[in-house]
Amino acid sequence: MTDYEKIDFSPVVALAGDDEVVTHSVVRDVRLPSGKMMALITLDNGRDHNRPNTLGPVTLTELGETLASVKARAAAGEIQAVGITGKQYILAAGADLSDISKVESKDHARLIAQLGHKVIGSLSDLGVPSFAFVNGLALGGGLEIALNSTYRTVDASAAAVALPEVFLGIIPGWGGAYLLPNLIGIENALEVVISNPLKQNRMLKPQQAFDLGIFDAIFPAANYLENSLAWADAVLGGKKVERKNEPGKLERLTKWPIAIKMARGMLESKIGTVPKSPYVALDLLDKAKSGTKAEGFAREDEALSELVAGDQFAASMYAFDLVQKRAKRPVGAPDKALAKKVTKVGIIGAGLMASQFALLFVRKLRVPVLITDIDQARVDKGVAYINDEIGKLEAKGRLDADGANQLRGLIHGTVDKSEYADCDFVIEAVFEEVGVKQQVFGEIEKFIAEDAILATNTSSLSVEEIGAKLAHPERLVGFHFFNPVAVMPLIEVVKTPGTNEQTLSTAFVVAKGLGKNAVLTADAPGFVVNRLLAKVMGEAARAVYEGTPVADVEKAFGPLGLPMGPFQLIDLVGWKVAAHVQDTMVRHFPERFYANENFHALAELDQVVEKDKGGRVTGWTKAAEKALKGAVGSKPASAETILRRVQDGLTQEIKLMLDEGVVPEVEDIDLCLILGAGWPFIDGGASVYLDREGAAERVFGSTFHTPPIRGIARS
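Being a predicted model, the structure only gives us computed values, none of them experimental.

A. View of helix 14 (residues 352-365). Compared with an ideal rise of 1.5 Å per residue, which puts 14 residues at 20 Å, helix 14 spans 20 Å between its outermost C-alpha atoms and is within 8% of the ideal. Turning to helix 14, its buried residues number three or more, namely Ala354, Ser355, Gln356, Phe357, Ala358, Leu359, Leu360, Phe361 and Val362. Positioned one or two residues after helix 14, Arg366 has a phi angle of 55°, which is positive.

Here you go:
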């Protein structure tokens, strides 16, 4: 058992220095209706809601002193309860990751885990009941403050509740891995600690968290604190708190080991065995079924120190910094004051992609949106789809009736292109062929104002070539979304040599208005994401046509850590689209990219691959086997050969993209891959992984990062 009182935490407090934005613990006494006295602690870093409370070493030290003080007051009989809440909208967004990433040894990493356990763990040992009033955002250590308290309530309007640590390559290390399964049961805990973080860091709404049993009560925002204090008073007066999901002996003996076994199998099938944190978390949750809290906390100390010292956490922190900082201040974006005000949007096309665009634009920008197509039937079908999707949002409670009707009123379909005359921003979503795009832009340009912006959603064609026949090619910009449009956060903003500053500025402002992260790229084949995914898919196709079974090829790509195998990805984006992208890349770079004419025969089939229940590709359909006959060789490649070829191919392509100025820096390539292709945080995009695997050294005799981004020295 660890005696946290005897540990010297000064090394990690010194590490924070003067850089930490300290979240102070402000105490005031609150007289409850019954007359009992509660010491209410409010966490507040003195900044607005854009800078959430975080829990660094100095913050924790101050909170520890505050809790020791209220414990002494409880022992003296001055108070009968302790409450803890946050500044407006926020309890705490977790540990201060900038401090954690500064640690220089495994021993220092362990100290951060132990300091959290010492301080936050003391909430359950104050001599009087402690109440966490979660009035807003509660992530990681913020939620663990609540878990360590005796009782918990939540504001129904809180932004999010989550334990996202596994997403970042670590584990809930301040009690979450032990306390949560013992509060809400193993299956619910697996969802919160492992499944949700691996689903692009999915978070819980307050009602969901309450239903799982994380909170004992939920109250509306209007009188949240008042209601919470009254509820706490009732509990102090003997009101019974029921926790229906708390596991009993039977669950620990039977359901627990089965759930762990199933979760392990699911992890191995979905993410492979390369990511460490999900498996470490799984082991901690497994062991939480028995033993003492002190033992559970000691296990968390060791697990967290091990992971923080590792390469995957270092890569995750690099990726986290890209998403939190670089993505919000796009490199190369002109002054937003130059942007044209967008009061009406035109969308050329009414198919599925165009309809998704229309829904996104109308929901986020709240301006009139016009769609058109070659005939009224297609237009009507597109408008019906949009209205149906609005109806689904209303049914889910994400829109009220008035809001839904307002959005429907802003959507209009037409075949009359003259109605585009007052559109400020027009984007096409038509067939991926230069001639088709040139034609539709040429037709629309006759009607729109001279300073209206034109945007193309091309995935790999030359934006400059698309605009070659325009009267004003300077107002054309690439505006490349990723599928599914509503979910994927990236837009590649593509600048041609002629694109003017107003056009570029407008594109960045519109992207931000849509809630997307924009990255500036030059007008190069495939831009960033599709160029590199084409390399991945091409190497997968090469191996198959050499004679490697498709399931073996999928497994060979496992160490890359991508959300899905290459053929699973091709099946998602569409075989025709994939064949078209491969052809485009081979046309431009025949010596570096692979395509096979037989790929088009596969693309004509209704179904190409067989999959298991988890969506993994297990083999070809009979029709695909027939189409492949005669086109496949008899020299299968080994998994090692396939992986090395794709590693070296990606390295070569990224180095060339940097040399060509497709993006300013390698960080922009990694950001694009993380946001647009789901490249895992634990890889840090691609460059950190390729440095670590020695591919950069093999290909160009150096590394993308100097020094390479690696875990801290172990000691």
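B. The nonpolar core, seen in detail. In this structure, Ile214, Phe567, Trp575, Phe599 and Trp620 are the most contacted members of the largest nonpolar core, which totals 158 residues. Considering every element that reaches this core, the biggest residue donor is helix 20 (residues 529-546), with ten residues. Beyond its immediate sequence surroundings of up to four residues, Phe599 is in contact with Ala541, Tyr545, Phe567, Ile570, Trp575, Ala578 and Ala579.

C. Looking closely at the packing of aromatic side chains. This model, assessed by the stated rule, comprises 16 aromatic pairs. Ring centres of Phe131 and Trp231 lie 6.3 Å apart, and the angle between their planes is 90°; this geometry places the pair in the edge-to-face category. Of this pair, Phe131 sits in strand 5 (residues 130-134) while Trp231 sits in helix 9 (residues 224-236), placing them 100 residues apart in sequence. Counting every residue linked through ring pairs, the aromatic cluster contains Phe357, Phe361, Phe425, Phe479 and Phe481. Cation over ring: Arg592 sits above Phe589, and NZ or CZ is 4.4 Å from the ring centre.

D. Geometry of the sheet that holds strand 3 (residues 81-86). Strand order in the open sheet formed by six strands is 1-2-3-5-7-9, with mixed pairing between adjacent strands. Strands with a single pairing partner mark the edges of an open sheet, and in this sheet they are strand 1 (24-31) and strand 9 (217-219). Strand-to-strand, the axes of this sheet are offset by a mean angle of 20°, without reference to chain direction. Summarising the sheet, strand 7 (residues 151-155) and strand 9 pair through three bridges and their orientation is parallel. Directly across from Val154, in strand 9, lies its bridge partner Ile218. Where helix 9 meets the sheet, its contacts fall on strand 1, strand 2 (37-44), strand 3, strand 5, strand 7 and strand 9, and the angle it forms with strand 5 comes to roughly 160°.

E. Molecular detail of a positive patch on the surface. Together, Lys205, Lys364, Lys396 and Arg398 make up a positively charged patch on the protein surface. Mapped onto the secondary structure, Arg398 falls in the loop between helix 15 (376-395) and helix 16 (401-410).

F. Here's a closer look at the environment of Leu168. Along the chain, Leu168 turns up in the loop between strand 8 (161-162) and helix 6 (176-184). When the C-alpha atoms of Leu168 and Asp29 are compared, they prove to be 38 Å apart, with 139 residues separating the residues in sequence. Apart from the residues within four sequence positions on either side, Leu168 is in contact with Leu97, Phe313, Ser316, Met317, Phe320 and Phe681.

G. Region of interest: the pairing of strand 16 (residues 490-495). The buried count for strand 16 comes to five of six residues, which makes it a mostly enclosed element. Sheet topology note: the strand 15 (residues 476-480)/strand 16 ladder contains three bridges and is antiparallel. Bridge pairing links Gly478 to Val494 in strand 16. Pairing geometry for strand 16 and strand 17 (residues 517-522), over six bridges, is parallel. By the bridge assignment, Val494 is partnered in strand 17 with Thr521. Once you follow strand 16 into helix 19 (residues 501-513) and on to strand 17, the crossover reads as right-handed.

H. Here's a closer look at the sheet that holds strand 13 (residues 425-428). Overall, mixed pairing links the eight strands, which are arranged 12-11-10-13-14-15-16-17 in an open sheet. Edge positions in the sheet fall to strand 12 (411-414) and strand 17, since each has one partner strand and no second. Across this sheet, the average inter-strand angle for adjacent strands is 25°, counted without regard to direction.

I. Quick peek at the side chain of Arg152. Take Arg152: it is sitting in strand 7. In this structure, Arg152 is buried with no salt-bridge partner, the nearest side chain bearing the opposite charge being Asp216 at 4.1 Å. A distance of 2.9 Å separates the side chain of Arg152 from the backbone oxygen of Ile214, its partner in a polar contact. If near-sequence neighbours (up to four positions away) are discounted, Arg152 is found in contact with Ala132, Ala146, Leu147, Leu183, Ile214, Phe215, Asp216, Ala217 and Arg243.

What counts, and where the lines are drawn
- Residues numbered from 1 in each chain as written.
- Predicted model: local features only at pLDDT ≥ 70, side-chain atom pairs only at ≥ 80, totals over all residues.
- Heavy atoms only, no water.
- Helix = DSSP H or I, 4+ residues; strand = E, 2+ residues; numbered from the N terminus.
- Expected span 1.5 Å × (residues − 1).
- Buried < 20%, exposed > 50% of the residue type's maximum accessible area, 1.4 Å probe, protein only.
- Core = buried A, V, L, I, M, F, W, Y, C linked by side-chain atoms within 4.5 Å.
- Contact = heavy atoms within 4.5 Å.
- Phe/Tyr/Trp six-rings, centres within 6.5 Å; stacked < 30°, edge-to-face > 60°.
- Lys NZ or Arg CZ within 6 Å of the ring centre and 35° of its normal.
- Pairing = 2+ DSSP bridges.
- Axes fitted to C-alpha atoms, helices over the stretch in contact; angles between N-to-C directions.
- Patch = residues over 30% accessible without salt bridge, like charges linked within 9 Å, V, L, I, M, F, W, Y side chains within 5 Å.
- Areas by Shrake-Rupley, 256 points an atom, 1.4 Å probe, with all protein chains shown as cover.
- Salt bridge = Lys/Arg side-chain N within 4 Å of Asp/Glu carboxyl O.
- Lys, Arg positive; Asp, Glu negative; His and termini not counted.
- Charge placed at Lys NZ, Arg CZ, Asp CG, Glu CD.
- Right-handed = clockwise from strand over helix to strand, strands pointing away.
- Polar contact = N/O pair within 3.5 Å; in protein donor to acceptor, adjacent residues only side chain to side chain.

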